[in-house]
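Coordinates in review
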Amino acid sequence: MTGNAVLVLDNGADSIKAWLGGAGASGHGIDTASGEAAYPVNVYTNAAARSKDDRRVLIGPEIDAAEKSTLLGTLQYRRPFEKGHLVSWEAERAIWWEVLQSIDVRDPTTTTLVLGTPLKELSNLQANTDEVVFEEFNFDRFYRAPSMALCAWGPLGERFGEDAGDGCVVGTDGRATLVPAEACVVLDIGYTATLCTPVVEGVAYITHARTLPVGGRFLTNWLKEQISFRQYNLMEEFTLVDRCKRAACFVTDEFNKCMDLARVRDPSIVANYALPDFARNLPDRLLSQSDIANMRTKPAADEDDLQYLTLTNETFRTPEILFNPSDIPGLRVGGLAQLVREVIDCVDDESTRAVLWENVIVVGGSSQFRGLRSRLETELRALAPDVYTVRVLQPDNPTTYACASAAAMATHAPDYLAAQQVSRAEWFESGRKITAAKFDAARARAVPGVRGGERSSAFDGTPALDMRGSGINTPDPDAIDGVGTGGAELPSRTEGKRSMYVEEDVPDTPRSFSPDATPEPEESTTPASKRRGSSKRKPARQQSRRRKSQPKAEPEDRDQGEIEDGMDKTDQ
């Protein structure tokens, strides 16, 4: 390091996490008890918004201030991310400038940027990012890595060697240096989707990653439709419903029991959420049972005519989609436990599998539901062989964990950062070749002890496993994993099968799912000349042209007031 300031940006689809420090900065450590890197991380909304009232445009940090005021229900959003990919640098550039001003980055030409990006970013989008960083923001040095790989530098996960405290290991030269976790599985429950990948020695291998097309936006849209059908019409209030989801929803181990309690409106299940009152400047909030009792007996002046939502089974059915997504028509995939199991199933080496089962790290803004960690650990224990120890780790703040872990790496492992980064001079000399070689080549290779390219599949035409707490229906764990107590290879039933966790064009709201199309009749083996009333079969190109000419259904709303055609488009 050359004494530059270090800026860490975890560029997520919903928010940007930022930390600014310097090489060798002191005064920050790692709180191993809570699993949090003790670094001051700032969180900003990664979007541009426009007020419906005065048409004022708000960018990034300005939205956070507006959401605390009466502008909550009057904002239209435009996000630079679509389906987990950064597709609009026009919007992202303006957001970055606001973030840099908010955290007081005075001179980017003397700053090293550590950027956390999506795991499955396309190569052309990666090239756009590299170009913007060096040619528009003029950063002096740059290191880009998937956010899931940066999680390996946090305090969670096992490290082997002589421990020097604070997650550091004493090297051969006697210096205490931070090293990444040897092997772990990172489960990122994000805004647009849920991703799971093995991370070995700080490298996230994209070839073995799996994707579940259910994220925070999907859950919010589902809850929004349930509330709009049963109570108030909140189809245009995405932000309000999202805050209600974060405050009221939880994960249960006993699904059927909670359904029975919800029918009788048990207070332990029912949640009451007050809607904002812009006339009297009252914010939205979760009401306690005492608040409801006081309103019914002797309403206060400010609580008179207060509107609130009453959520019954929605409180636990919303996050239940993460564990049983097949309950939604059109989603024939397994849940979080099956997702983690399939990633670990790729590993041939028995000792590596043991480390992965014991180091499952759950991060992401949509993983903060109460009871999620214990539910996931219970289901993984049912799927794992008995000889393995199953442990699910979750930091106190899963949203900022990747950014805080990268800050720990920049502070306590400066030699690693110096070896991996690319300088501005090197970029202008070699261009995209040097960033691809340093940032992307390692994670494109096969993991040691992992089958490169082979994809197992737990979904082979049979119904998904019922993993609800009241009735776990699981076959023999050894048969599920394909791994006996001796660590044999996966059986041949997984050969050539397609994984159920793949990148597919799945709509963002359950409403937009349509029934499966009727399959075309199979082509007859009888020669055309001998068929009754036979005529020449239409060419495939003509059939394809006819299909394309049919009108396509318009997609549903994916976000509250999201502006897709630009900030200058007028409302219809």
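Each chain has its residues counted from 1, running along the sequence as written. Confidence filtering applies because this is a predicted model: local features only for residues at pLDDT of at least 70, side-chain atom pairs given and counted only at 80 or more, and all residues used for totals across whole chains, interfaces and linings. Working from all heavy atoms in the structure, the side-chain values ignore hydrogens and water.

**Regarding the overall build of the chain**
Condition: By the criteria applied, helices consist of DSSP H or I runs no shorter than four residues and strands consist of E runs no shorter than two, each listed in order from the N terminus. For every residue, the accessible area (1.4 Å probe, protein chains only) is compared with the maximum for its type, and the residue is labelled buried under 20%, exposed over 50%, or partly exposed between those bounds. Working rule for contacts: check all heavy atoms of both residues, and any pair within 4.5 Å makes them a contact. Residue burial considers only the protein chains on display, and all accessible areas are found by Shrake-Rupley using a 1.4 Å probe.
The helix and strand tally for the chain stands at 18 helices and 25 strands. Looking at the chain as a whole, 52% of its 572 residues qualify as buried. Across the chain, the fraction of contacts at a sequence separation of at least 24, relative to all contacts at a separation of at least 6, is 72%. Just so you have it, the chain exposes about 26,300 Å², and 48% of that area is on carbon and sulfur atoms.

**Quick notes on the confidence of the model for the chain**
This is how it is decided: Residue-level confidence of the predictor is summarised by pLDDT, bounded by 0 at the bottom and 100 at the top.
For the chain, per-residue confidence averages 75 on the pLDDT scale, and residues scoring 70 or more make up 67% of the total. Across residues 23-37 the pLDDT falls below 50, and counting only partners more than four positions away or on other chains, this stretch makes 36 contacts in the model. Between residues 502-536, whose pLDDT stays under 50, and residues either more than four places distant or in other chains, the model counts 41 contacts.

**A short note on empty space enclosed by the protein**
We apply this condition: Grid points spaced at 1 Å over the protein atoms alone were grouped into cavities, where a 1.4 Å probe fits but cannot get out, and pockets, open sets with protein on both sides within 12 Å along at least five of seven lines, with lining residues defined by an atom within 4 Å of a point. Grid points are joined across faces, edges and corners, and a volume is the space filled by probe spheres set on the points. For this scheme, ten residues count as nonpolar: Ala, Val, Leu, Ile, Met, Phe, Trp, Tyr, Cys and Pro. Four count as charged, namely Asp, Glu, Lys and Arg, and the remainder, Gly too, count as polar.
Counted according to the given criterion, the structure contains 2 cavities of 30 Å³ or more. Every residue lining the second largest cavity is listed: Asn11, Phe81, Leu86, Leu115, Thr117, Pro118, Glu121 and Thr129. Among the residues forming the lining of the second largest cavity, the class breakdown is 4 nonpolar, 3 polar and 1 charged.

**Focus on unusual backbone geometry**
Residues other than glycine seldom take positive phi values, yet Lys83 does so here, at roughly 55°. With respect to the element layout, Lys83 can be found in the loop between β9 (81-82) and β10 (85-86). With a phi angle near 55°, Arg265 is a residue other than glycine that sits in the positive phi range. By the secondary structure assignment, Arg265 is in the loop between α7 (255-263) and β20 (271-274).

**Section: the packing of aromatic side chains**
Spelled out, the test is: Working definition: rings of Phe, Tyr and Trp (its six-membered ring) pair if their centres are within 6.5 Å, and the pair is stacked with planes under 30 degrees apart, edge-to-face with planes over 60 apart, and tilted otherwise.
Under the counting rule described, the total for this entry stands at 13 aromatic pairs. Measuring from centroid to centroid gives 5.1 Å for Trp89 and Trp96, while their planes differ by 80°, and the two rings are edge-to-face. Relative to Phe137, the ring of Trp96 lies with its centre 5.3 Å away and its plane at 55°, an arrangement referred to as tilted. Taken together, the residues Trp96 in helix α2 (residues 89-102) and Phe137 in the loop between α3 (123-135) and β12 (141-146) connect sequence positions 41 residues apart.

**Observations regarding α2**
Test applied: Expected span of a helix, by definition, is 1.5 Å for each gap between consecutive residues, and there is one gap fewer than residues. Read the arc as the range of directions from the helix axis to the C-beta atoms.
Under the 1.5 Å per step criterion, the end-to-end length of α2 is 19 Å for 14 residues, consistent within 8% with the ideal 20 Å. The set of residues buried in α2 consists of Trp89, Ala91, Glu92, Ile95, Trp96, Val99 and Leu100. Down the axis of α2, the buried side of the element spans an arc of 165°, and every buried residue falls inside it. Across α2 from its buried face, at more than 90 degrees, point the exposed residues Glu90 and Gln101. At the exit of α2 stands Asp104, carrying a positive phi of roughly 65°.

**Thoughts on the packing of helix α9 (residues 314-323) against helix α12 (residues 372-383)**
The condition is simple: Axes, fitted as lines to C-alpha atoms, cover a helix only where it is in contact. Angles between the N-to-C directions of the axes lie from 0 to 180 degrees. Orientation is classified from the angle alone, with under 35 degrees giving roughly parallel, over 145 giving roughly antiparallel, 65 to 115 giving roughly perpendicular, and any other angle giving oblique. Handedness of each helix crossing follows the sense of rotation of the near helix against the far helix: counterclockwise by less than a right angle gives left-handed, clockwise gives right-handed.
Running from N to C, α9 and α12 point in directions that differ by 40°, and their axes come no closer than 12 Å. One element, α9, and the other, α12, form an angle in the oblique class. Taken as a pair, α9 and α12 cross one another with a handedness that is right-handed. When α9 is examined against α12, the residues Glu320, Leu322 and Phe323 are found in contact with a partner set consisting of Leu372, Arg375, Leu376 and Glu379. A class-by-class count of the residues in the contact of α9 with α12 yields 4 nonpolar, no polar and 3 charged.

**With respect to the environment of Val200**
Positionally, Val200 belongs in strand β17 (residues 194-200). On the basis of relative accessible area, Val200 is assigned to the buried category, the value being 16%. Once the C-alpha coordinates of Val200 and Ala181 are considered, the two residues, 19 residues apart in sequence, prove to be 7.4 Å apart.

**Regarding the nonpolar core**
Note the cut-off: Side-chain atoms within 4.5 Å link the members of a nonpolar core, which is a set of buried Ala, Val, Leu, Ile, Met, Phe, Trp, Tyr and Cys residues.
One finds Leu187, Leu322, Leu376 and Leu380 to be the most contacted residues of the largest nonpolar core, which totals 54 residues. The biggest single contributor to this core is helix α10 (residues 336-345), with 6 residues. Leu187 has contacts with Thr194, Leu195, Cys196, Leu336, Leu339, Val340, Ile361, Val362, Val363 and Leu376, leaving out every residue within four places of it along the chain. In this structure, Trp89, Leu150, Ala408 and Phe439 belong to the second largest nonpolar core, which totals 50 residues.

**Considerations on helix α6 (residues 238-248)**
By the criterion of burial, α6 is predominantly enclosed, with 8 of the 11 residues buried. Here α6 has its buried residues at Phe238, Thr239, Leu240, Val241, Asp242, Cys244, Lys245 and Ala248.

**Overview of the state of the cysteines**
Selection rule: In what follows, a disulfide is any cysteine sulfur pair within 2.5 Å.
Tallying each qualifying case throughout the model produces 0 disulfides. Just so you know, Cys249 is unpaired, no disulfide at all, and the nearest cysteine sulfur is the one on Cys244, 6.5 Å from it.

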